[in-house]
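# Structural characterization, general
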Amino acid sequence: MHDPELLYLIGGVVALLLIASITTRMLIQKNGETPVLGNLRQRVRAWWWMTLVFASSISMGRDGVFGFYLLLSFLALREFITLSPTPRGDHRTLAWVFFVFVPIHYLFAWAPWYGMFLIWIPVYAFVFIPIRSALSGDTDRFLERSSRIQWGVLICVYFLSHLPMMLYLPIAGYEGQNAKLLFFVVFVTQISDVMQYLFGKLFGKTPIAPSVSPSKTREGLLYGGTAAILIGTLLWWATPFSPVAAAAMSALLVAVGFFGGLVMSAVKRSLGAKDWSQGIPGHGGVLDRLDSLLFAAPVFFHITGYYFGTQMAAAYSQPVWIKRLLEW
Amino acid sequence: MIRRILAFLVRLTTGVRTAPELGEIHKRRIYLANHSSHLDALVLWSAIPTLRRHATRPVAAAEYWQKGRLRRWLATRAFNAILIPRHLANMRDEDPLEKMLAAIDNGADLILFPEGTRSKDGGIGPFKSGIYHLASKRTELELIPVFLENLGRILPKGELLPLPLIARATFGHPISGPDPTEPKTDFLARARDAVVQLSAN
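Residues numbered from 1 in each chain as written. Chains lettered and ligands numbered in written order. Predicted model: local features only at pLDDT ≥ 70, side-chain atom pairs only at ≥ 80, totals over all residues. Heavy atoms only, no water.

### Some thoughts on the nonpolar core
The biggest cluster of nonpolar side chains holds 134 residues, and the ones touching the most others in it are Y69(A), L163(A), L182(A) and F171(B). Setting aside residues up to four positions removed in sequence, L163(A) forms contacts with Y69(A), L182(A), V185(A), V186(A), L293(A) and A297(A). Ranked by size, the runner-up nonpolar core spans 29 residues in total, among them A108(B), L110(B), L141(B) and L198(B). (Core = buried A, V, L, I, M, F, W, Y, C linked by side-chain atoms within 4.5 Å. Buried < 20%, exposed > 50% of the residue type's maximum accessible area, 1.4 Å probe, protein only. Contact = heavy atoms within 4.5 Å.)

### Here's the deal with the interface of chain B and chain A
Where the parts come together, the accessible area they lose is often given as the size of the interface. Taken together, the contacts link 20 residues of chain B with 18 residues of chain A. With both chains or domains summed, chain B and chain A bury close to 1500 Å², and 53% of this area falls on carbon and sulfur atoms. Sorting the residues of chain B by area buried against chain A places R153(B), P164(B) and I166(B) first, and these three jointly supply 38% of that buried surface. Seen at the junction of chain B and chain A, the total is 2 salt bridges. Among the ionic pairs, R92(A) bridges to E159(B), the shortest N-O distance being 2.6 Å. Summed over the shared surface of chain B and chain A, the number is 12 residue pairs in polar contact (both at pLDDT 80 or more). Counting only elements with at least two residues in the side of chain B that touches chain A, the list comes to α1 (2-14) and α9 (151-154) of chain B. At 3 residues, α1(B) tops the list of elements feeding residues into the side of chain B that touches chain A. Split into classes, the residues belonging to the side of chain B that touches chain A amount to 10 nonpolar, 5 polar and 5 charged. (Buried area = accessible area lost by both parts, 1.4 Å probe. Salt bridge = Lys/Arg side-chain N within 4 Å of Asp/Glu carboxyl O. Polar contact = N/O pair within 3.5 Å; in protein donor to acceptor, adjacent residues only side chain to side chain. Helix = DSSP H or I, 4+ residues; strand = E, 2+ residues; numbered from the N terminus. Nonpolar A, V, L, I, M, F, W, Y, C, P; charged D, E, K, R; others polar.)

### Overview of the pattern of salt bridges
What the rule picks out here adds up to 19 salt bridges over all chains. In the salt-bridge network here, residues are joined through shared partners; they are D3(A), E5(A) and K180(A).

### Focus: helix α8 (residues 178-203) of chain A
Under the 1.5 Å per step criterion, the end-to-end length of α8(A) is 37 Å for 26 residues, consistent within 8% with the ideal 38 Å. Of all 26 residues in α8(A), 19 are buried; the element is thus mostly enclosed. (Expected span 1.5 Å × (residues − 1).)

### Topic: the domain arrangement of chain A
Residue and element names in this part refer to chain A. Each domain of chain A was delimited in the assignment, giving domain 1 (1-59), domain 2 (62-170) and domain 3 (177-310). Taken over C-alpha atoms, the centre of domain 1 sits 31 Å from the centre of domain 2. Each side of the interface is counted separately: domain 1 has 5 residues, and domain 2 has 6 residues. Note on domain 1 versus domain 2: buried area summed over both sides is about 400 Å², and carbon and sulfur give 77% of it. (Domains from an automatic or database assignment.)

### Some thoughts on the pairing of strand β5 (residues 142-149) of chain B
Residues and elements named next belong to chain B. Burial runs high along β5: 7 of the 8 residues are buried. With 4 bridges joining them, β5 and strand β6 (residues 168-171) adopt antiparallel strand pairing. Bridge pairing links E149 to R168 in β6. (Pairing = 2+ DSSP bridges.)

### Concerning helix α2 (residues 35-59) of chain A
Residues and elements named next belong to chain A. Here α2 contains 25 residues, and its C-alpha end-to-end distance of 36 Å stays within 8% of the 36 Å for a straight helix at 1.5 Å per residue. When we look at burial in α2, the residues that qualify are L37, G38, L40, V44, A46, W47, M50, T51, F54, A55, S57 and I58. In the stretch just after α2, G61 is the one whose phi turns positive, near 80°.

### What to know about the sheet that holds strand β4 (residues 109-112) of chain B
Within a sheet, neighbouring strands are paired by backbone hydrogen bonds and run either parallel or antiparallel to one another. Residue and element names in this part refer to chain B. On the basis of which strands lie adjacent, the open sheet formed by 6 strands has the order β3-β2-β4-β1-β5-β6 and mixed pairing. In this open sheet, the two strands that pair with only one neighbour each are β3 (82-84) and β6. For this sheet, the mean inter-axis angle between neighbouring strands, taken without regard to orientation, is 25°. Judged from the 3 bridges that link them, strand β2 (residues 56-61) and β3 form a sheet pairing that is parallel. Residue pairing for β3: A61 is matched across the bridge by I84. With respect to the sheet, helix α7 (residues 95-105) is in contact with β1 (29-33), β2, β3 and β4, its orientation differing from that of β3 by roughly 175°. (Axes fitted to C-alpha atoms, helices over the stretch in contact; angles between N-to-C directions.)

### A closer look at the environment of R86(B)
Residues and elements named next belong to chain B. You can see R86 is positioned in helix α6 (residues 86-90). Residue R86 is classed as partly exposed on the basis of its relative accessible area, which comes to 35%. Expressed as a C-alpha distance, the spacing of R86 and G116, which sit 30 residues apart in the sequence, is 9.1 Å.

### Description of unusual backbone geometry
Here the amide bond leading from A111(A) into P112(A) is cis, since omega sits at -15°, within 30 degrees of zero. As for its position among the elements, P112(A) is in the loop between α4 (91-110) and α5 (114-135). Even without being glycine, R141(A) reaches a positive phi, approximately 50°. Note that R141(A) resides in the loop between α5 and α6 (142-159). We classify R141(A) as partly exposed; its relative accessible area is 40%. Residues other than glycine seldom take positive phi values, yet N150(B) does so here, at roughly 80°.

### Let's talk about the packing of aromatic side chains
Residue and element names in this part refer to chain A. In the structure shown here, the tally under the stated rule is 35 aromatic pairs over all chains. Plain terms: the ring middles of Y158 and F159 are 6.2 Å apart, the flat faces sit at 40° to each other, and that makes the pair tilted. Residue F159 is classed as buried on the basis of its relative accessible area, which comes to 18%. Geometrically, the ring pair formed by Y307 and F308 is edge-to-face, given 4.8 Å between the ring centres and 90° between the ring planes. Y307 gets classed as partly exposed once you look at its relative accessible area, which sits at 49%. Residue class for F308 comes out partly exposed when judged on its relative accessible area of 26%. Among the aromatic residues, those joined into a cluster by ring pairs are W96, F101, F108, W113, W120, Y124 and F128. (Phe/Tyr/Trp six-rings, centres within 6.5 Å; stacked < 30°, edge-to-face > 60°.)

So, in structure tokens, the structure goes:
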């Protein structure tokens, strides 16, 4: 993955962050450290770190990327389960999920065994979770408890793992360049968040769903989303898309990303919290930063696959070494 | 060095943070915490600032911490626990109290779980009287209430495998020791309330 275009893209992010850091510093010198500016400075600083980690995972190649998303899934699921009040009866179920189902899912994803990647969680994990909880003998709010764990795994592990799977999409004429596709999804979704936050702070008036997330405004979505679509379109050269398709895919990421963030806010509210955790200074938890990517990743992955007619299932059937292992 | 690394790893995996403001005061102190997991002592110990931590000794059940090589190593080498045999404690023998007093006089801070046993449902049970005797014999001690959150979910009673959830240790303001006219039960209820209050926010 030593692709000069990838370096330009990362370089572009570093340039953006430099501008953000300098602007923040100038604003603080002019206005003093208000709570909003203090939070902005924390956010920018955290962005530097997140960019560093994201870029180094990509530079380590396939293994680095999958290892990174395995860790992210683990952290996200841990935040999700920490906030959901799971009782004693779910302890063993959760131990299985964390230590067996999550690593095996990433093993299938990394291998790659596309069929098992698709069904391991929605079929096998979903069947296992209520069985193990039933065996514990605790029937209190059983359906709610099972669905909570299932939902957590679906969102934090299954959906998120579609991001590293971008590396495998067999797109004709784009071989060996898929890391840029991963960059495109993450960057456009995140820049859409940033732009919506900025434009929302500057011009936001009309909240879209005030009871769910007061910071999401119609103006922020409109201006911020448009800016993100423009930025995404300008990056068409790094993607397998034509400029028009890049614009459409950016619009898709903005829309699905927005709704992902909205739904995760609603989940958070229903669990009685403002942030998922305090893991990333200024942002909240890992899930607060990932929320818009959760829905965007699988939707983008499958639409891209369909658009280019990639035969994932045929291209990545059961790997020989797994077959040998299972025969044994 | 190994103890520092251990404390760092515990903080990293549980998400517990150190409370830097605890490092300053120079009085000897006792931490009073709720008890819901075998991990409680380890996690609370890891949340204390390094300099202070070296002199901090958890009071723990001998039956559990003397079993197995790893636990024995942790209890004796890593956090230098004061191990109290459970059946002795139940008999209200004077011995455990003497052991704790001797440790305090030798310059140690203590971590104490005044409920005496781990709660099953996450609630905080009544406090046992050991803390009252300690505090009335050493009136200069600072008593710091601590609320440990989520550890009962990470490693509940009767489970072997801890879940990787996020824990939290909340340290409260020191409470005053029992004054001579205060009945024992009132003091114990007051100490318990201080921990319960921390659980509310």
